[in-house]
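So you can see what is in the structure, the chains are spelled out below.
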Amino acid sequence: LPTLPSSPCAISKWCIVLFCFHHHFWSGTVPPSFDHAFSIIIINETREPSIQDERVLRNSIRRLSGVPRSSHQCSIKPHKSTMSDCSAPTWPAEDGGEPRWWAKVRSAFEGDVTTLDLFDCQIGPEGGKALVERGLPSLPQLTTLKLGAEYSFSASGYNSIGPEGATALATQGLPHVAQLTSLDLRYNRIGPEGATALAKQGLPHVTHLTSLNLRSNRIGPEGATALAKQGLPHVTQLTSLNLWNNSIGPEGATALATQGLPHVPQLTSLDLRYNRIGPEGATALATQGLPHVTQLTSLDLLGNDIGDAGATALATQGLPHVTQLTSLDLGDNDIRDEGAKALAAKISENVLPALDQLGGLSLNEHLDAMRLPQELQGAPNEDILNFLRERAKVVIS
């Protein structure tokens, strides 16, 4: 045996593992005093036990004693601030027969996996409620939760947990999955009410979150403002935020820029497609938002009617702050000659040296503004961007 560590906690863990191994070796039966032994560990801790401590102990004992995972192993009396009830998830009898997707919840518990994928499972508001009341409390190990769906002309494939399901998730579900790093709720129709509950009561419990997808949820300006003011300040490690098609408008975009983005400096991907942010929202994003997210590599503003004013603000005051940008989409924004020239001229200064994907602007139409040779007439954006990079290398050398 290796040298035993000196801390009471570590010694307790060695004692219980050795006890289980000894008992199993001589009798081949399950020790009747599992619960008592676990209690000893809790008592001897020099700090509050974590979920990880519990999982490591449980798995070690299971391997040594040959005991299959079952609900009696979760009878530890955990500290309410650090542990979750880990009894096996059971579908509520009052809701009728167990739906097919619930098998995924049971499998996540039995396999001790970190991803629960319920994508396109048609779980609905009632299923969402059952999930947060009977499922998530048993899955504290989760790091990825997928409750989204893909777009279709029919709503039959959507989960559609709605405002009620989103509120239940925020108040009763997320507090049990504090290790979550990725949350996908796209196409769930959570609305302003659900988004507000998620921001106020849900996100404060999942502070390790790095990816949040709320695409097509109709959250509107109210939901976006709540997310910016009361949600994002709690998830400062966020690297990806998807708010595509939520009609957040100028008000929501301004709130996001001024009160949300300053709290997520590690953000690398921001998707605001089809949100009607207009020139006002684009200007706020350029002047007050982008300066705080300097690690951004992907910015999608497709279909926002930002016009020449928004494009010019973005070119002169926003883009110089996001020099690591590799992908920028400005399509379907009513950007005319003035705004296009402002963007082309700024890009020609090589302020975005890593940019290799540009949508919504044909640089070959603005060679004069960019002071580029006419030989590039008709060249795709990719070739012109590459030319700019190569020219910058020559100048530097």
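All of these numbers come straight from a predicted model, not from anything done at the bench.

Parameters at a glance
- Residues numbered from 1 in each chain as written.
- Predicted model: local features only at pLDDT ≥ 70, side-chain atom pairs only at ≥ 80, totals over all residues.
- Heavy atoms only, no water.
- Helix = DSSP H or I, 4+ residues; strand = E, 2+ residues; numbered from the N terminus.
- Contact = heavy atoms within 4.5 Å.
- Areas by Shrake-Rupley, 256 points an atom, 1.4 Å probe, with all protein chains shown as cover.
- Pairing = 2+ DSSP bridges.
- Axes fitted to C-alpha atoms, helices over the stretch in contact; angles between N-to-C directions.
- Core = buried A, V, L, I, M, F, W, Y, C linked by side-chain atoms within 4.5 Å.
- Buried < 20%, exposed > 50% of the residue type's maximum accessible area, 1.4 Å probe, protein only.
- Phe/Tyr/Trp six-rings, centres within 6.5 Å; stacked < 30°, edge-to-face > 60°.
- Salt bridge = Lys/Arg side-chain N within 4 Å of Asp/Glu carboxyl O.
- Patch = residues over 30% accessible without salt bridge, like charges linked within 9 Å, V, L, I, M, F, W, Y side chains within 5 Å.
- Lys, Arg positive; Asp, Glu negative; His and termini not counted.
- Charge placed at Lys NZ, Arg CZ, Asp CG, Glu CD.
- Polar contact = N/O pair within 3.5 Å; in protein donor to acceptor, adjacent residues only side chain to side chain.

J.: Please clarify how the overall build of the chain should be interpreted in this entry.
T.: Summing up its helical and strand segments, the chain has 14 helices and 9 strands in all. Considering only contacts in the chain between residues 6 or more positions apart, those separated by 24 or more positions represent 79%. Total accessible area on the chain is roughly 17,800 Å²; 52% of this is exposed by carbon and sulfur atoms.

J.: Teacher, can you tell me more about the sheet that holds strand S8 (residues 327-329) here?
T.: In sheet architecture, strand pairing relies on hydrogen bonds along the backbone and comes in two forms, parallel and antiparallel. Sheet architecture is open: 9 strands sit in the order S1-S2-S3-S4-S5-S6-S7-S8-S9, paired in parallel fashion. The two strands at the open ends of the sheet, each matched to only one other strand, are strand S1 (115-117) and strand S9 (357-359). With direction set aside, neighbouring strand axes in the sheet form an average angle of 5 degrees. The pairing of strand S7 (residues 298-300) with S8 spans 3 bridges and is classified as parallel. Bridged to Asp 300 within S8 is Asp 329.

J.: What exactly am I supposed to notice about the nonpolar core here?
T.: Here is a general trend for soluble globular proteins: nonpolar side chains tend to be buried in one another's company. Ranked by internal contacts, the top residues of the largest apolar core, which has 89 residues, are Leu 116 and Leu 241. Ranked by residues supplied to this core, first place goes to helix H12 (residues 337-348) with 5 residues.

J.: Sorry, what's going on with unusual backbone geometry here?
T.: Generally, phi is negative for residues other than glycine and the peptide bonds are trans, each holding for most cases. Located in the positive-phi region is Arg 189, a residue other than glycine, with phi close to 55 degrees. One can find Arg 189 in the loop between strand S3 (182-184) and helix H7 (191-202). Its identity is not glycine, yet Ser 216 carries a phi of approximately 55 degrees, on the positive side. Within the secondary structure layout, Ser 216 lies in the loop between strand S4 (211-213) and helix H8 (220-231). Given the relative accessible area of 10%, Ser 216 is considered buried.

J.: In this structure, what is going on with the packing of aromatic side chains? I would like to understand it.
T.: With the rule as written, the count across this model stands at 3 aromatic pairs. Considering the side-chain rings of Trp 91 and Trp 101, the 5.7 Å spacing of their centres and the 90 degrees angle between planes classify their relative orientation as edge-to-face. Separated by 10 residues along the polypeptide, Trp 91 in the loop between helix H3 (51-65) and helix H4 (102-111) and Trp 101 in the loop between H3 and H4 bring together distant segments of the chain. Each member of the pair, Trp 91 as well as Trp 101, is classed as buried. When the centroid spacing of 5.2 Å and the interplanar angle of 70 degrees are considered together, the rings of Trp 91 and Trp 102 count as edge-to-face. Taken as a pair, Trp 91 in the loop between H3 and H4 and Trp 102 in helix H4 lie far apart in primary sequence, 11 residues in all.

J.: How do you make sense of the pattern of salt bridges when you look at a structure like this?
T.: Side chains carrying opposite charge are able to pair once their charged atoms draw close together. A full pass over the atoms with the stated rule returns 10 salt bridges. Residue Arg 134 is joined to Glu 94 by a salt bridge in which the shortest nitrogen-to-oxygen separation is 3.9 Å. Taken together, the positions of Arg 134 in helix H5 (residues 124-135) and Glu 94 in the loop between H3 and H4 put the pair 40 residues apart, joining distant regions of the chain. Overlapping salt bridges, with partners in common, bring together Glu 150, Asp 184 and Arg 186 in one network.

J.: Sorry, what's going on with a negative patch on the surface here?
T.: Together, Asp 95, Glu 126, Glu 133, Glu 164, Glu 193, Glu 222 and Glu 251 line one region of the surface with negative charge. By the secondary structure assignment, Glu 164 is in helix H6 (residues 162-173).

J.: Explain the side chain of Asp 300 here, please?
T.: Mapped onto the secondary structure, Asp 300 falls in strand S7. Here Arg 273 takes part through its side chain, which lies 3.0 Å from a polar atom of the side chain of Asp 300. Residue contacts for Asp 300: discarding those within four places in its chain leaves Leu 270, Asp 271, Leu 272, Arg 273 and Asp 329.

J.: Sorry, what's going on with H5 here?
T.: Given 3.6 residues per helical turn, the α-helix brings residues three or four places apart onto the same face. For H5, the full list of buried residues reads Gly 124, Gly 127, Gly 128, Ala 130, Leu 131, Val 132 and Gly 135. Looking at the buried residues of H5, the elements they touch are H4, S1 and H6.

J.: Is there a simple way to think about the side chain of Lys 346 in this case?
T.: Of note, Lys 346 is situated in helix H12. Residue Lys 346 is classed as buried on the basis of its relative accessible area, which comes to 17%. With residues near it in sequence (within four places) discarded, Lys 346 still touches Ala 315, Thr 316, Pro 320 and Val 351.

J.: Would you mind going over helix H11 (residues 307-318) with me for this structure?
T.: Looking only at H11, the buried set comprises Gly 307, Asp 308, Gly 310, Ala 311, Ala 313, Leu 314, Ala 315 and Gly 318. Lining the buried residues of H11 we find helix H10 (278-289) and H12.

J.: Even after reading the chapter, I still don't get the environment of Ala 170, so can you show me in this structure?
T.: With respect to the element layout, Ala 170 can be found in helix H6. By relative accessible area, which is 0% here, Ala 170 ends up buried. In contact with Ala 170, other than residues within four places in its own chain, are Pro 175, Ala 197, Leu 198, Gln 201 and Gly 202.

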